[in-house]
Each structure stands twice: as C-alpha cells, then as structure tokens.
Amino acid sequence: MANVLEVFEERGFVEQVTDRDALYRQFEAPTTCYIGFDPTAKSLHVGNLLPIMALIHMQDHGHRPIVVMGGGTAMVGDPSGKTEARPIMSKAEIDSNALVLKAQFARFLDFENKKAIMVNNADWLLPLNYIEFLRDIGRHFSVNRMLAAESYKARLETGLSFIEFNYMLLQAYDYWYLFKHYDCRLQMGGNDQWGNIIAGADLIRRLEGEIVFGLTFPLITTSSGIKMGKTHKGAIWLDPNMTSPYEYYQYWINQDDRDVIRFLCLFTFLSMEEIKELAKLKDKEINRAKEILAFEATKICHGEDKALEAREISRAFFKEKSIHDIAEGAPTYQLPEEKIKEGIPAYVLFEMCGLCPSKSEARRVITQGGAYVNEIKVNSFDEIIDDSKVKGSTLLLRVGKKRYLKVNIV
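Residues numbered from 1 in each chain as written. Predicted model: local features only at pLDDT ≥ 70, side-chain atom pairs only at ≥ 80, totals over all residues. Heavy atoms only, no water.

### A closer look at the pairing of strand 15 (residues 403-409)
To keep it simple, the criterion reads: Only protein chains enter the accessibility calculation, which uses a 1.4 Å probe; a residue whose area is less than 20% of its type maximum is buried, one above 50% is exposed, and one in between is partly exposed. In DSSP terms, a helix is any run of H or I states spanning at least four residues, a strand is any run of E spanning at least two, and both are numbered starting from the N terminus. At least two bridges found by DSSP between two strands is the condition for calling them paired.
In terms of burial, strand 15 is a largely internal element, six of the seven residues being buried. In terms of strand pairing, strand 9 (residues 332-335) meets strand 15 through four bridges, oriented parallel. Bridging across to strand 15, Leu335 finds its partner in Ile409. Strand direction decides the pairing type here: strand 14 (residues 394-399) and strand 15, joined by six bridges, are antiparallel. Each residue of the ladder has a partner; that of Val399, found in strand 15, is Arg403.

Rendered as structure tokens:
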C-alpha cells in the first residue's frame, strides 16, 4: 500500500508540512493523528469535508485518527480566518452541538476497537487552573511570535480580544495532551491553522524533547473565487434535514467545469487512474464527470441509496420528464390551495419558495429572463401565477438552467 503522504500529495491535500521526509518515514509505522472541530453549529458542512476525507484516508492506510470536539476551545473562539470575534456560545449549546457532530462522524470513520477515537477537549481544558496554566504553558510562548502569526496579524486592525489571544495556547495544549495520552504525532488542519499547529509542535519539543509533525490543507475556493460550500441559500450542511441529499447532489453537479477534476481528487475515493481518464473529457462530455463527482460525493455523505435517488431525480428534471414522473425526494414546497387561487405575483412566489433569496433578486432574475413556470419563461416580474398554471396539483419552478423546485398545491 502506498505511503499515505504520497496519496495526500498526489490528490492535492498538502499545502504545508513541517518536515516532509521525516513525516514520510513516520508514516511507515502506524501513526496517530488528530484534527480539531469546534462544535459551533448543529451540523458539519462542506467546508469540513477536506479534513474529514484526510482522516478517512489515514484510517484506510492503517493509521489512527483522533477527532477532537472543541467543547473547550469553542468557548473561546478561534480567530483564524475570522474578521471579527465569534459570538460567545453557552456551554449547554456547545455540548448539544458536540453530541450531534459525534453521531455525524460515525458515518465517516470506524470507531470500533479504537480504530478511531473521539475526545472532547472540554474534559482537560475546563478544569485547568489558570495561574498554573500560565506558569507551566504560557511561559513557553513569545508574544512577539504570536502577533506575527497570520491568524492574529490579520485581526489587529479590526480588534483582537484577550480571550481569543489565548486560543493558540489552548490548541497547543491540546496537541501536548494528545501526545502524552495517545502518542499523537501529527496534527492536521486548514492552512489558516499553520501558526497554531506549529505552536503545538514547538510546545511538545520544549516540554518533552520530542519531534512531532504538522500538515495543512489548502483553503479551498472555487475557480470563481467563492468559498467552498457557500451557495445562494447559505452553507451546504452534511445533515440531510438541513441540506437534503438531492440539494447536496445538486451542489456537486453544478460545480464549475474547471473544478471538477480537482474535486474528484479531493472529495471522492475514485482511483487516480479513473480520474485521469475523466480528465480527458472535453466540452459537454465534462457533464459525465460532474455526474460522477455528484454521485460519489453524495454516496460518501448520505449512502448509496440516497445517491442513486438524487441522481434519478436530477436526471428526471434535466430530461424534462413530466413533473408527475419526478420521484419523491425532489425539493418541494407546499402551497395552500387558497393562495394559488388568489394568484401570486411571480417575484413573490419565487422568493416565498426559497428559489430566490429576496424579492429584489427574484425581480432581477425574472427581468433577465431566467425564471420559468412549467418550463415556460416568466415574462414579467409581476406576472400573476394562479391555478390556471397548475397541472395535477403541481407547479414546476425553475431558475436558470439548474435550480428546480416542485410546488405541491395542498
């Protein structure tokens, strides 16, 4: 089996690494690694996928991943990559989120027989005696070096709170704690975590005289410059109740042509040989690669059955089948019969259903000719949509070429 570092490099996971050759040698034996996730929401999202995929690759190559739920660090808030401080969350809210995320991770990693471990840093950070912590840990940190870190430097103009300033110390302490208790020798994370990762490795060197490693992933943006996982509706969540499997599938199939091969490398387990064959596709043929990306990514997150269902719905929409033939599971909106009988201006309907984020955006889309009802273009933003448009208790709305919605009249 290939060294996992070679897999990471070939597939595009590596942005920076502390000592490439030494880490390669480390991976010749089973190695424990960790990535931290602060439970600041009730679900993981697409922005978390790259580190999750890295942990899966590690486990598949015989190494042991540790998932650290940041129940302690979430109470401080990581300033990395943020233009302003996070709102302070209650401990109850953080604990509730951590329980939900723990269940989500079980879909991706095998935690049986300690093949992977999940821990919560609240267990060791919250009981810390502050004065002892400053004396034993804080004395190893240079304020000058901390201020030179990109995560802090970028915040100095907009304001960096003292509580956030402590975050680097806490994350470094996490690495030291995991080294002591689990022989953890690698921390991974996004490239905005480089300063925090280096601080942890340096703390272990100072306290234990041991060399450990850090590896960062590139911060993924699309070719159009949009942050990974952002859409007109907001974040793409991994919870099927927050982003349905069909919407998840659509997110992937609608990626820019320029991103498809890169995302196949990062977000699927297809072999590089298969991906290189798909890279030969040109022009309209690239849609086949997009469909494979969408199917494989959805299968990893939601299982093969949901991926097959999402693909079937997507094909039904785009082959313009009768809207009554479109499978259950398609995105839908329930509209009371009395509302449609009264008649609704088109721009109000498109905003009401969530196809457009605002009425002004709906007016713009319709004015530019990008809105359809039952595959007929809406000619005016204030065109009245009433029951004369309904076919068998259903309306089919579309924005642009790719965003569909079934409206069920109830």
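Okay, back to it.
### Digging into the nonpolar core
Buried together is how nonpolar side chains tend to be arranged in soluble globular proteins. Stated formally: We define a nonpolar core as any set of buried Ala, Val, Leu, Ile, Met, Phe, Trp, Tyr and Cys residues linked to one another through side-chain atoms lying within 4.5 Å. Contacts were defined at the residue level, with two residues in contact if any of their heavy atoms lie within 4.5 Å.
Met188 and Trp252 are the most contacted members of the largest nonpolar core, which totals 64 residues. Ignoring sequence-local partners within four residues, the contact set of Trp252 consists of Val46, Leu49, Met228, Phe263, Phe267, Leu293, Ala294 and Ala297.

### Points about the packing of helix 10 (residues 167-182) against helix 11 (residues 194-208)
What counts, and what does not: The axes are straight lines fitted to the C-alpha atoms, using for helices just the contacting stretch, and the angles between their N-to-C directions are given from 0 to 180°. Reported orientations rely on four angle classes, namely roughly parallel under 35 degrees, roughly antiparallel over 145, roughly perpendicular from 65 to 115, and oblique for the rest. It is the rotation of the near helix from the far one that decides the hand of a crossing: anticlockwise by less than a right angle makes it left-handed, clockwise makes it right-handed. Residue type decides the class: Asp, Glu, Lys and Arg count as charged, Ala, Val, Leu, Ile, Met, Phe, Trp, Tyr, Cys and Pro as nonpolar, and the leftover types, Gly among them, as polar.
Relative to each other, helix 10 and helix 11 sit at 55 degrees, their axes nearing to 8 Å. The orientation of helix 10 with respect to helix 11, classified from their angle, is oblique. Two packed elements cross with a definite hand, and for helix 10 against helix 11 that hand is right-handed. Taken together, the residues of helix 11 that come into contact with helix 10 (itself represented by Tyr167, Met168, Gln171, Ala172, Tyr173, Tyr175, Trp176, Phe179 and Lys180) are Gly195, Asn196, Ile197, Ala199, Gly200, Ala201, Leu203, Ile204, Leu207 and Glu208. Across the contact of helix 10 with helix 11, the residue classes break down as 13 nonpolar, four polar and two charged.

### Here's the deal with the sheet that holds strand 14
Across the sheet, which stays open at both edges, the five strands sit in the order 9-15-14-11-12 with mixed pairing between neighbours. In this open sheet, the two strands that pair with only one neighbour each are strand 9 and strand 12 (376-377).

### Description of unusual backbone geometry
A positive phi angle, near 60 degrees, is found at Lys114, a position not held by glycine. A positive phi angle, near 55 degrees, is found at Asp183, a position not held by glycine. Mapping Asp183 onto the fold places it in the loop between helix 10 and strand 5 (184-190). Its relative accessible area of 41% is what places Asp183 among the partly exposed residues.

### Some words on the pattern of salt bridges
Here is the rule: Put simply, a salt bridge is a Lys or Arg side-chain nitrogen that is within 4 Å of an Asp or Glu carboxyl oxygen.
All chains considered together, the criterion is met by 20 salt bridges. For Lys115, the salt bridge is made with Asp110, and the minimal N-O distance between the two is 3.3 Å. With a relative accessible area of 41%, Lys115 lands in the partly exposed category. Judged by its relative accessible area of 29%, Asp110 falls in the partly exposed class. The salt bridge partner of Glu337 is Lys341, with a shortest N-O separation of 3.6 Å. Of this pair, Glu337 and Lys341 both sit in helix 17 (residues 337-342), four residues apart, which is roughly one turn of the helix. On the basis of relative accessible area, Glu337 is assigned to the partly exposed category, the value being 39%. It is possible to trace a salt-bridge network through shared partners that takes in Glu9, Arg20 and Asp21.

### Here we look at the packing of aromatic side chains
The geometry of an aromatic ring pair is captured by the separation of the ring centres together with the interplanar angle, meaning the angle of the planes. Let me state the cut-off plainly: By convention, a stacked pair of Phe, Tyr or Trp rings (six-membered ring in the case of Trp) has centres within 6.5 Å and planes under 30 degrees apart, an edge-to-face pair has planes over 60 apart, and any other such pair is tilted.
Inspection of the entire model under this criterion finds 12 aromatic pairs. Geometrically, the ring pair formed by Tyr34 and Tyr175 is edge-to-face, given 5.7 Å between the ring centres and 65 degrees between the ring planes. In this pair, Tyr34 is assigned in strand 2 (residues 32-37) and Tyr175 in helix 10, connecting sequence segments 141 residues apart. By relative accessible area, Tyr34 is classed as buried at 2%. Centre to centre, the rings of Tyr347 and Phe381 are 5.4 Å apart; their planes meet at 70 degrees, and the pair counts as edge-to-face. You can see Tyr347 sitting in helix 18 (residues 346-352) and its partner Phe381 sitting in the loop between strand 12 and strand 13 (384-385), a full 34 residues away along the chain. Note on Tyr347: relative accessible area 19%, which makes it buried. Joined through ring pairs, the aromatic side chains of Tyr248, Tyr251, Trp252, Phe263 and Phe267 make up one cluster.

Honestly, that's just the spatial picture; any functional story needs more than this.
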